[in-house]
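Close look at the chain arrangement
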Amino acid sequence: MSPETPSPVKDWDVEHAEAQATEALQYLQTDPASLRFPWHGVDAIVGPIQDHYLVLIGADTGSGKTTVLMHLLHRWHLAGHRVCLLSLEFDPYLLRLYWACLASGVDPRPIIRGQTTPDTLPPAHRAAIQSQLVWQTGAGASLVRFSVFGALKAAELPGLFEEAKGSSVLLIDHLQAIDVGGLGNGYERYARLCRHLKELVREYRIPTIAAAQFHRDKTFDRLAPYLPPRETAFYGGHILLQQADVALGLYRPLRPGVTKGQMLELRAGLGSLQEAITHDTVGVVCLKHRWDDQRGGRSFLRYRDGILTDEWDHESPPPVAPDCPVAPGPSLPGGPGGDGDPTRT
């Protein structure tokens, strides 16, 4: 056969081409902007969340992962989306109480932390929370689902996606709590988990927002949780980010006016961190975007009456300048042949 003669078309070539073209046509008929982050600054960085997206949200302990996921659940529900949430850290009753507080305009943090109890709230607030909880057991039961898997194993992830069918989005809190099992060191097992998760997102076409703990090695910087993180803060680093379409890092920003000298003192254990940070504020930085050049883009969220918002005013400007230094990245622990443990935080 001469080089100019085209190869004969095989049946399986036609079948694959037809299936792929049909899927592309279906994609053109969907609304790509139907699911977006509810905060203007973050939405400007991420853009529309497509049905094949795996979005990672990483943070240190106590830096806002669960808070952000619960606000996404609440805001997306208000926008008419069906949401499925899997939490491997908190009991479902606590999450339902958290959501009921948000829906009632009550700051959930003191209640969830045990700093106050519902019976000490003003009667109107308590009645509103009770009404929301009753609604969740009726009409709201099919709109937001709280999956109960206990200690989820990686092999059970397909069952989770089956349960999430019909949902606009799946929220997972958090990846390191999934029991990977199998052979190999922690790094290799975690890499398999991320690949498996991405395959399921593509297969089921359910956009998935997964929280992940940052890994800090022995060279941990005392200021790291208060500076914009780097991609190496994720356990597995580049392996994890290869599977993600978007990766966001959360941090608790320093207050305006903190000098380099003061930062050196804080790193040395001198001075008060609580006096150096901007309270009730969450910093968001883009660590990867597969389809847009938004890496390094930043936004800030703050609590206002218990609700996360990105609305700022002259009396309360955003906490740091755009050229704020980033946190030094840790070495990648437990690479191939190493002995890293993905449960370390």
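Given the structure is predicted, the values throughout are model-derived calculations rather than measurements. (Residues numbered from 1 in each chain as written. Predicted model: local features only at pLDDT ≥ 70, side-chain atom pairs only at ≥ 80, totals over all residues. Heavy atoms only, no water.)

Notes on the confidence of the model for the protein chain
Basically, it comes down to this: For every residue, the predictor assigns a confidence score, pLDDT, that lies between 0 and 100. The contact definition used throughout considers only heavy atoms, calling two residues in contact when any of these lie within 4.5 Å.
Mean pLDDT over the protein chain stands at 80; residues scoring 70 or higher make up 78%. In the predicted structure, residues 320-345 sits below a pLDDT of 50 and forms 73 contacts with residues beyond four places in sequence or in another chain.

Observations concerning the nonpolar core
Here is the rule: Residues belong to a common nonpolar core when they are buried Ala, Val, Leu, Ile, Met, Phe, Trp, Tyr or Cys residues joined through side-chain atoms within 4.5 Å. Using a 1.4 Å probe on the protein chains alone, a residue whose accessible area is under 20% of its type maximum counts as buried, one over 50% counts as exposed, and one in between counts as partly exposed. Only DSSP runs of H or I reaching four residues or more are called helices, and only runs of E reaching two or more are called strands; each is numbered from the N terminus.
Formed by 40 residues in total, the largest nonpolar core has its most connected members in Leu 56, Phe 161, Leu 170, Leu 175, Ile 178, Tyr 190 and Phe 234. If one sorts the elements of this core by residue count, helix 8 (residues 186-204) sits on top with nine residues. What Ile 178 contacts, discounting residues up to four positions off in sequence, is Leu 88, Leu 152, Lys 153, Ala 154, Leu 157 and Leu 193. Listed in part, the 38 residues of the second largest apolar core include Leu 35, Val 42, Val 46 and Leu 72.

Concerning the pattern of salt bridges
Convention followed: Between Lys or Arg on one side and Asp or Glu on the other, a salt bridge is scored when a side-chain nitrogen of the former is within 4 Å of a carboxyl oxygen of the latter.
Considering all chains together, one arrives at nine salt bridges under this definition. The closest approach of N and O atoms between Glu 162 and Lys 165, which form a salt bridge, is 3.2 Å. Overall, Glu 162 belongs to the partly exposed group, its relative accessible area being 40%. With relative accessibility at 48%, the residue Lys 165 sits in the partly exposed group. Where Arg 295 meets Glu 231, a salt bridge forms, and the shortest distance between an N and an O atom there is 2.8 Å. Pair noted here: Arg 295 is in the loop between strand 7 (281-289) and strand 8 (298-304) and Glu 231 is in the loop between strand 5 (208-213) and helix 9 (238-243), with a separation of 64 residues, a long-range link. Classification of Glu 231 by relative accessible area gives partly exposed; the value is 26%. One continuous salt-bridge network, built from bridges that share partners, spans Asp 107, Arg 109 and Asp 280.

Focus on the packing of aromatic side chains
Applicable threshold: Here a pair means two rings of Phe, Tyr or Trp (six-membered ring of Trp) with centres within 6.5 Å. Their orientation is stacked below 30 degrees between planes, edge-to-face above 60, and tilted elsewhere. In this scheme, the term charge over a ring applies when either NZ of a lysine or CZ of an arginine sits within 6 Å of the ring centre and within 35 degrees of the ring normal.
Applying the stated criterion to the full structure yields five aromatic pairs. The interplanar angle of 70° and the centroid separation of 5.9 Å between the aromatic rings of Trp 99 and Trp 135 together place this pair among those described as edge-to-face. With Trp 99 in helix 4 (residues 92-104) and Trp 135 in helix 6 (residues 123-136), this residue pair connects regions lying 36 residues apart in the sequence. For Trp 135, a relative accessible area of 30% translates into the label partly exposed. Centroid distance Phe 214 to Phe 234: 5.2 Å. Interplanar angle 85°. Geometry classified as edge-to-face. Taken together, the residues Phe 214 in the loop between strand 5 and helix 9 and Phe 234 in the loop between strand 5 and helix 9 connect sequence positions 20 residues apart. The exposure class of Phe 234 is buried, given its relative accessible area of 1%. Between Arg 109 and the ring centre of Tyr 303, over which it is positioned, the NZ or CZ distance is 3.6 Å.

Some points on the sheet that holds strand 3 (residues 144-147)
Threshold: Here, strands pair whenever DSSP counts at least two bridges between them. Axes here mean lines fitted to C-alpha atoms, for a helix over just the part in contact, with angles spanning 0 to 180 degrees between N-to-C directions.
Judged by pairing direction, the sheet is mixed, and its nine strands sit side by side in the order 3-2-4-5-1-6-7-8-9 without closing on themselves. The sheet terminates laterally at strand 3 and strand 9 (307-309), the two strands that pair on one side only. Each neighbouring strand pair of the sheet contributes to a mean axis angle of 20°, computed without reference to strand direction. Across six bridges, the pairing between strand 6 (residues 246-251) and strand 7 is antiparallel. What sits directly across from Leu 250, in strand 7, is Val 284. Across the sheet, helix 4 touches strand 2 (83-87), strand 3, strand 8 and strand 9, and the angle it forms with strand 3 is around 155°.

Remarks on the packing of helix 4 against helix 6
What counts here: Angle categories are assigned with fixed cut-offs, so that under 35 degrees is roughly parallel, over 145 is roughly antiparallel, 65 to 115 is roughly perpendicular, and the rest are oblique. Crossings are sorted by hand: turned counterclockwise from the far helix by less than a right angle, the near helix makes the crossing left-handed, and turned clockwise it makes it right-handed.
Relative to each other, helix 4 and helix 6 sit at 120°, their axes nearing to 8 Å. As judged from the angle between their axes, helix 4 and helix 6 are oblique. For the pair helix 4 and helix 6, the crossing hand works out as right-handed. Residues Arg 96, Leu 97, Trp 99, Ala 100, Cys 101, Ala 103 and Ser 104 of helix 4 form the contact with helix 6, whose own contacting residues are Ala 128, Ile 129, Gln 132, Leu 133, Trp 135 and Gln 136.

A word on the packing of helix 3 (residues 65-78) against helix 4
Quick note on the threshold: The nonpolar class holds Ala, Val, Leu, Ile, Met, Phe, Trp, Tyr, Cys and Pro. Asp, Glu, Lys and Arg form the charged class, and all remaining residues, Gly among them, are polar.
Relative orientation of the contacting elements helix 3 and helix 4 amounts to 55°, with a least axis distance of 10 Å. In terms of orientation, helix 3 and helix 4 fall into the oblique class. Handedness of the crossing formed by helix 3 with helix 4: right-handed. Of the residues in helix 4, those in contact with Thr 67, Met 70, His 71, Leu 73, His 74 and His 77 of helix 3 are Leu 95, Tyr 98, Trp 99, Leu 102 and Ala 103. Its residues assigned to classes, the contact of helix 3 with helix 4 comprises seven nonpolar, four polar and no charged.

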